[in-house]
Amino acid sequence: MSEIVEHFVSGKPWTGSSERLSDVYDPNRGTVQRRVRLGMPSDVDEVVEVSAAAQREWAAWNPQRRARVLMRFLTLANEQMDELAALLSSEHGKTLPDARGDIQRGLEVIEFATGAPHLLKGEYSTDAGPGVDVYSMRQPLGVVAAITPFNFPAMIPLWKIGPALACGNAVVLKPSERDPSVPVRIAEMFVEAGLPPGVLNVVHGDKEVVDALLVHPDIAAVGFVGSTPIAEHVYSTATAHGKRAQCFGGAKNHLLVLPDADMDQAADALTGAAWGSAGQRCMAISVAVPVGEQTADLLVAKLAERARNLTVGRSDSETADLGPLVGADADERVRRAIQAGVDEGAELVVDGREVGAPEGGDGGWFMGGSLFDRVTTVMSLYRDEIFGPVLSVVRAANYDEALRVANGHRYGNGVAIFTRDGDAARDFASKVETGMVGVNVPIPVPIAYHTFGGWKASGFGDLNQHGPDSFKFYTRTKTVTSRWPSGIKDGASFVIPTMS
Ligand code: NAD
């Protein structure tokens, strides 16, 4: 095994000082396909220094000029979509069409961020007092860190990089060590698009590198996406070291099905949202809450049929419904969770563990979709994030009980309701304690110009990802109060100025 994925610093591959390497697997085979360099704290010091020097020049570019780099990046990324998708799916395991979706959702945020000249405009008040004008400006923070998870190796880095760069910051990206190649390719493409070397750097690593970033005095802000325990650690450490932080964590997304819903539409929606990408999406639906026994019986029958007919295939498939899980640990965790569900007394209607590897997938981490019925809210199957292709059905007697179930969970990332009743949908959208809500939409990932973020244990920090919040997160506001003409002379005043 020769190929090593190196850090990317100052516009080129960089080895740093560490000799630690981590395996990058082919999830279709369970074999090591390359290795990634894992950095150390002294590497972080060097990368931050490079970033800080490059940021000063980058921030001096006018916003339109910066936006044009993003526009050229978009052209390159669209031209190379298929190569990027193939690389992404080969390390992650998601199918090719899903990999293209991963990249496309990221590019949509780059498209949004090209609006920087407009989005960075400040506010202006004339004649706030005699000859007094007040205006505000948004200025970049400096060097910011982005720490991202394995499950969207293009989309989530791009959600961070686009707005952060457009605002005039330099970015140190610490991608997941499980699928590091696409993040490096993205950074290379930014340089090809005209980004000055050093403005976007990639440093690979594990806890050592992350912790060094969290305490580094020249990192101004940290954007994190990953599991909740790490999100909590990153948020508390970064903020304790005076940094701005937004940290997005795990999820257990519910989908309520009311008796009046179109049952085929609801079952199709659940099929894609629960088992697509092998359930490895933070917006995957892992809990269905049908209202009433009749609704539940009908829904479970339709879901069981769909689960049995899922096509599990290699990640380079154009037609499979889902590919393999990302790694052996993920495979073991999901199998353990399914067994725990059986042991706790939930009814395993379809057992995805029985699905074997497809052709060319010997040794890979393949699993079909699992469906559990009669899951209760005390079971670990319900309480814990499984992050695999497992759907639990929790039966509710009525709408109020279904709403209580959704609100009772400690996570609050996404949620959906399927119904034809506008009153119920409106009540639900208002009362549910979740950051993102779908009405007859299973995966309510907001579009790029709105913001993305969960509540409760799914999100830590005040501002969301992408949309207008991202421009607030990656800038700080300066307010200038000025008085012209300069000839006004009203003597010294010892009283605080007011508008009286
Ligand atoms: P993870 O928490 O294991 O890793 C996320 C990042 O943190 C990676 O870069 C990893 O290298 C780093 N990391 C891991 N352990 C660390 C430690 N002890 N100290 C410091 N850094 C550490 O998450 P993952 O398995 O890569 O991704 C899956 C998780 O991410 C799921 O929980 C999923 O719900 C969540 N997720 C959330 C969102 C969201 O927007 N809320 C989006 C995508 C994924």
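Look up a bit, the structure's there.
All of these numbers come straight from a predicted model, not from anything done at the bench.

**Student:** How would you explain the overall build of the protein chain if you had to name every residue and give the values?
**Tutor:** When helices and strands are counted, the protein chain shows 16 helices and 23 strands. For a compact globule of 500 residues, the expected C-alpha radius of gyration is about 23 Å, and the protein chain comes in at 25 Å, within 12% of that figure. Taken across its 500 residues, the protein chain has 57% of its residues classed as buried. Expressed as a percentage of contacts within the protein chain between residues at least 6 apart in sequence, the contacts between residues at least 24 apart total 73%. On the protein chain, roughly 20100 Å² of surface is accessible, and the fraction owed to carbon and sulfur atoms is 51%. Taking the 47 positively charged and 62 negatively charged side chains of the protein chain as two groups, their mean positions are separated by 5 Å.

**Student:** How would you explain the site of the ligand if you had to name every residue and give the values?
**Tutor:** Around the ligand, 28 residues are found, and the nearest of them are T148, K174, E177, S227 and E385. Separating an oxygen atom of the ligand from a backbone N or O atom of G226 is a distance of 3.2 Å. Contact distances for the ligand include 2.6 Å between an oxygen atom and a side-chain N or O atom of S227. Look at the ligand: alone it shows 850 Å² of surface, and the protein chains cover 87% of it. Of the residues that constitute the shell around the ligand, the class distribution is 14 nonpolar, ten polar and four charged. Looking at the shell around the ligand, you find at least three residues from each of domain 1 (4-249 + 458-480) and domain 2 (253-439).

**Student:** So what about a negative patch on the surface? Which residues, and what values?
**Tutor:** Together, D45, E46, E49 and D218 line one region of the surface with negative charge. Tracing the chain through its elements places E49 in helix α1 (residues 41-60). For E49, a relative accessible area of 60% puts it in the exposed group.

**Student:** So, the pairing of strand β12 (residues 244-248): which residues are in play, and what are the values?
**Tutor:** Side-chain positions along a regular strand alternate between the two faces of the sheet. A large share of β12 lies buried, amounting to four of its five residues. Sheet topology note: the strand β11 (residues 219-225)/β12 ladder contains five bridges and is parallel. Each residue of the ladder has a partner; that of A221, found in β12, is R244. Bridge count between β12 and strand β22 (residues 459-460): two bridges; the pairing is antiparallel. The partner of C247 across the bridge, within β22, is F460.

**Student:** An account of the environment of V202 is requested, with residue identities and associated values reported.
**Tutor:** Assignment of secondary structure puts V202 in strand β10 (residues 200-202). Along the chain, V202 and Q265 lie 63 residues apart, while their C-alpha atoms are 42 Å from each other. Contact partners of V202, with chain neighbours within four places excluded, come to H7, F8, V9, L173, P175, P183, V184 and A187.

**Student:** Which residues make up the sheet that holds strand β7 (residues 132-140), and what values do they have?
**Tutor:** What the three strands build is an open sheet, ordered β6-β7-β23; its pairing is antiparallel. If you trace the sheet from one side to the other, it starts and ends with β6 (124-129) and β23 (475-483), each paired once. Between one strand axis and the next, the sheet turns through 30 degrees on average, direction left out of account. Pairing analysis gives nine bridges linking β7 to β23, with the strands arranged antiparallel. Bridge pairing links M137 to K478 in β23.

**Student:** So what's going on with the packing of aromatic side chains? Which residues, and what values?
**Tutor:** Two descriptors summarise a pair of aromatic rings, namely the distance from one centre to the other and the angle between the planes of the rings. Across all of its chains, the model carries nine aromatic pairs by this definition. Considering the side-chain rings of W159 and F452, the 4.8 Å spacing of their centres and the 55 degrees angle between planes classify their relative orientation as tilted. Taken together, the residues W159 in helix α6 (residues 155-166) and F452 in the loop between β20 (436-439) and β21 (455-456) connect sequence positions 293 residues apart. By relative accessible area, which is 2% here, W159 ends up buried. Consider the rings of F473 and Y474, whose centres lie 4.9 Å apart with planes at 85 degrees: the pair is edge-to-face. Y474 carries the same exposure label as F473, and that label is buried. If you follow K94 out to its NZ or CZ, it ends over the ring of F152, 3.9 Å from the centre. In this structure, R410 is placed above the aromatic ring of Y411, and the distance from its NZ or CZ to the ring centre is 4.6 Å.

**Student:** Account for the packing of helix α2 (residues 63-79) against α6, naming residues and giving values.
**Tutor:** One way to put it is that α2 packs onto α6 with a least axis distance of 9 Å and a crossing angle of 150 degrees. Taken together, α2 and α6 sit at an angle that is classed as roughly antiparallel. Touching R66, L70 and F73 of α2 are L158, G162, L165 and A166, all from α6. Within the contact of α2 with α6, the residues separate by chemical class into five nonpolar, one polar and one charged.

**Student:** I'd like a description of the side chain of H254, backed by residues and values.
**Tutor:** In this structure, H254 sits in strand β13 (residues 253-257). Look at H254 and you get buried, because its relative accessible area is 2%. Polar contacts involving the side chain of H254 include one to the main-chain carbonyl oxygen of K252, which spans 3.0 Å. Every residue in contact with H254, bar those within four places of it in the chain, is listed here: I285, V287, V289, Y382, V405, A406, H409, G414, V415 and A416.

Reading the values: the criteria
- Residues numbered from 1 in each chain as written.
- Predicted model: local features only at pLDDT ≥ 70, side-chain atom pairs only at ≥ 80, totals over all residues.
- Heavy atoms only, no water.
- Helix = DSSP H or I, 4+ residues; strand = E, 2+ residues; numbered from the N terminus.
- Rg over C-alpha atoms; globule rule 2.2 N^0.38 Å.
- Buried < 20%, exposed > 50% of the residue type's maximum accessible area, 1.4 Å probe, protein only.
- Contact = heavy atoms within 4.5 Å.
- Areas by Shrake-Rupley, 256 points an atom, 1.4 Å probe, with all protein chains shown as cover.
- Lys, Arg positive; Asp, Glu negative; His and termini not counted.
- Charge placed at Lys NZ, Arg CZ, Asp CG, Glu CD.
- Near = heavy atom within 4 Å.
- Polar contact = N/O pair within 3.5 Å; in protein donor to acceptor, adjacent residues only side chain to side chain.
- Nonpolar A, V, L, I, M, F, W, Y, C, P; charged D, E, K, R; others polar.
- Domains from an automatic or database assignment.
- Patch = residues over 30% accessible without salt bridge, like charges linked within 9 Å, V, L, I, M, F, W, Y side chains within 5 Å.
- Salt bridge = Lys/Arg side-chain N within 4 Å of Asp/Glu carboxyl O.
- Pairing = 2+ DSSP bridges.
- Axes fitted to C-alpha atoms, helices over the stretch in contact; angles between N-to-C directions.
- Phe/Tyr/Trp six-rings, centres within 6.5 Å; stacked < 30°, edge-to-face > 60°.
- Lys NZ or Arg CZ within 6 Å of the ring centre and 35° of its normal.
- Parallel < 35°, antiparallel > 145°, perpendicular 65-115°, else oblique.

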